[in-house]
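Listed below are the residues making up each chain.
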Amino acid sequence: MTVHPPVTRTTTAAEGLPRWRFTVAEIDRMTELGIFHEHERIELIGGEIVPMASKGRHHEILKSALNLHWARRLPDDLLFTTETTFRLSIDTFLEPDFVFYPKAEGWSGLTAATARLVVEVADSSLGWDRGRKAKLYAGFGIAELWVIDAVRLTTRIHRSPGPDGYTAVTDCAADVPLVPEQAPALAVTLAALELH
C-alpha cells in the first residue's frame, strides 16, 4: 500500500480581488468538522489563513531545551504554554512557541494584555518572525517578544510595542543572558543550554 503525504492546498493571493475573511470561531468550527486537522500548522492573520513553515531539527532541539529550562524555573505566579493558538482578535490567531502569562488568569484569561513574554523559535521562518509577525505582535501590544534564531543561537528582543512595530529592538549573542522585563526568574543564556 502506498502512503501519500497530505496535500497542502495553498495559493498565492489574487491581489486586488476580494477574499473571504474568516474569524477565529469559523476556523475553530472547521477544525471540529475535520476540514482542518487539529495539528495542522496554520495561523489566521486579519482573517486570512496562512500556512506555517515546517519546523527544522535545530528548532525542535532548542525548543525542547528551553521547555526543560523554563519548567524548572517557572515562578509560582506564572504559567506557560507551548505552541498554543493565541487568539488576539476575532480574526487573528498566532501560534508562538512559548507564551508566559499570570497563573491567576489561567489560559482562558490569556490575552495580548496579560502575556508577559512571547517567544518565537525560528529556523526556516526567521525572516517572517522578525518582520511581519513581530509587527503583528507589536500592533496587538505584546509587551515583550523574543525571536530566537535556532541555528545561530542569537536572539532579537523586541520591547516597547506600537502600531508601527517595536521601538526598542536589541540583538543578543548566545552567551548574553536574556532576562525578561516582567519575569526575571525566566532568565536564560542560550549558550549554557544542553542542546542534544
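Here, the structure is the one placed above.
Since the model is a prediction, treat every value here as computed from it, not as a measurement.

Visitor: What is the right way to look at the overall build of the protein chain in this model?
Guide: Within the protein chain, the regular secondary structure consists of 4 helices and 10 strands. Reading the protein chain from its N terminus to its C terminus gives the helix and strand order α-β-β-α-β-β-β-β-β-α-α-β-β-β. Taken against the 2.2 N^0.38 rule, which gives 16 Å for 196 residues, the C-alpha radius of gyration of the protein chain at 17 Å falls within 12% of a compact globule. Along the longest, intermediate and shortest principal axes, the C-alpha atoms of the protein chain span 45 × 45 × 30 Å. In the protein chain, of all internal contacts separated by at least 6 residues, the share reaching a separation of at least 24 is 50%. Accessible area of the protein chain: about 11000 Å², with a carbon and sulfur share of 54%. Of the charged side chains in the protein chain, 20 are positive and 26 negative; the average position of the first set lies 2 Å away from that of the second.

Visitor: What is the right way to read the side chain of Thr-155 from this model?
Guide: Looking at where Thr-155 falls in the secondary structure, it is placed in strand S9 (residues 154-162). For Thr-155, a relative accessible area of 1% corresponds to the buried category.

Visitor: Just to check I follow, could you spell out unusual backbone geometry for this structure?
Guide: The phi angle of most residues is negative, glycine excepted, and most peptide bonds adopt the trans form. Backbone geometry at Glu-83 places phi at a positive 45 degrees, although glycine is not the residue there. Looking at the secondary structure, you find Glu-83 in the loop between strand S3 (78-82) and strand S4 (86-89). What makes Glu-83 partly exposed here is its relative accessible area of 27%. Non-glycine residue Leu-153 carries a positive phi angle of around 60 degrees. Positionally, Leu-153 belongs in the loop between strand S8 (144-149) and S9. When its relative accessible area of 15% is taken as the criterion, Leu-153 is described as buried.

Visitor: Looking at this structure, I do not really get helix H2 (residues 57-73). What am I missing?
Guide: For H2, which comprises 17 residues, the first-to-last C-alpha distance of 25 Å matches the rise-based estimate of 24 Å (1.5 Å per residue) to within 8%. Those residues of H2 lying buried are His-59, Leu-62, Lys-63, Ala-65, Leu-66, His-69 and Trp-70. Angularly, the buried residues of H2 cover 170 degrees about the axis, an arc narrow enough to put them on a single face. For H2, the exposed residues set more than 90 degrees away from the buried face come down to Arg-57, Ala-71 and Arg-72.

Visitor: Got a minute to help me understand the side chain of Glu-95 in this structure?
Guide: Following the sequence through the fold, Glu-95 ends up in the loop between strand S5 (92-94) and strand S6 (98-102). Assessed through its relative accessible area of 14%, Glu-95 is described here as buried. In this structure the side chain of Glu-95 is engaged in a polar contact, spanning 3.1 Å, whose partner is the side chain of Thr-85.

Visitor: Quick question: what am I supposed to make of the nonpolar core here?
Guide: Nonpolar side chains in soluble globular proteins tend to be buried together. One finds Leu-62, Leu-66, Trp-70 and Val-119 to be the most contacted residues of the largest nonpolar core, which totals 24 residues. Going through the elements one at a time, H2, S3, S6, strand S7 (117-122) and S8 are the ones with two or more residues in this core. The element that contributes the greatest number of residues to this core is H2, accounting for 4 residues. When sequence neighbours within four positions are dropped, the list of residues in contact with Val-119 reads Trp-70, Pro-96, Asp-97, Phe-98, Phe-100, Trp-146 and Ile-148.

Visitor: When you look at the pattern of salt bridges in this model, what are you seeing that I'm missing?
Guide: Two side chains that carry opposite charge are able to pair once their charged atoms sit near each other. For the structure on display, the rule yields 11 salt bridges. In this structure, Arg-21 and Asp-91 form a salt bridge, with 2.2 Å as the shortest nitrogen-oxygen distance. Highlighted residues: Arg-21 in the segment before helix H1 (24-32) and Asp-91 in the loop between S4 and S5, separated in sequence by 70 residues. Note on Asp-91: relative accessible area 9%, which makes it buried. Note that Asp-129 and Lys-133 form a salt bridge whose closest N and O atoms lie 3.9 Å from each other. Exposure class is identical for Asp-129 and Lys-133. Each is buried.

Reading the values: the criteria
Residues numbered from 1 in each chain as written. Predicted model: local features only at pLDDT ≥ 70, side-chain atom pairs only at ≥ 80, totals over all residues. Heavy atoms only, no water. Helix = DSSP H or I, 4+ residues; strand = E, 2+ residues; numbered from the N terminus. Rg over C-alpha atoms; globule rule 2.2 N^0.38 Å. Contact = heavy atoms within 4.5 Å. Areas by Shrake-Rupley, 256 points an atom, 1.4 Å probe, with all protein chains shown as cover. Lys, Arg positive; Asp, Glu negative; His and termini not counted. Charge placed at Lys NZ, Arg CZ, Asp CG, Glu CD. Buried < 20%, exposed > 50% of the residue type's maximum accessible area, 1.4 Å probe, protein only. Expected span 1.5 Å × (residues − 1). Arc of directions from axis to C-beta. Polar contact = N/O pair within 3.5 Å; in protein donor to acceptor, adjacent residues only side chain to side chain. Core = buried A, V, L, I, M, F, W, Y, C linked by side-chain atoms within 4.5 Å. Salt bridge = Lys/Arg side-chain N within 4 Å of Asp/Glu carboxyl O.

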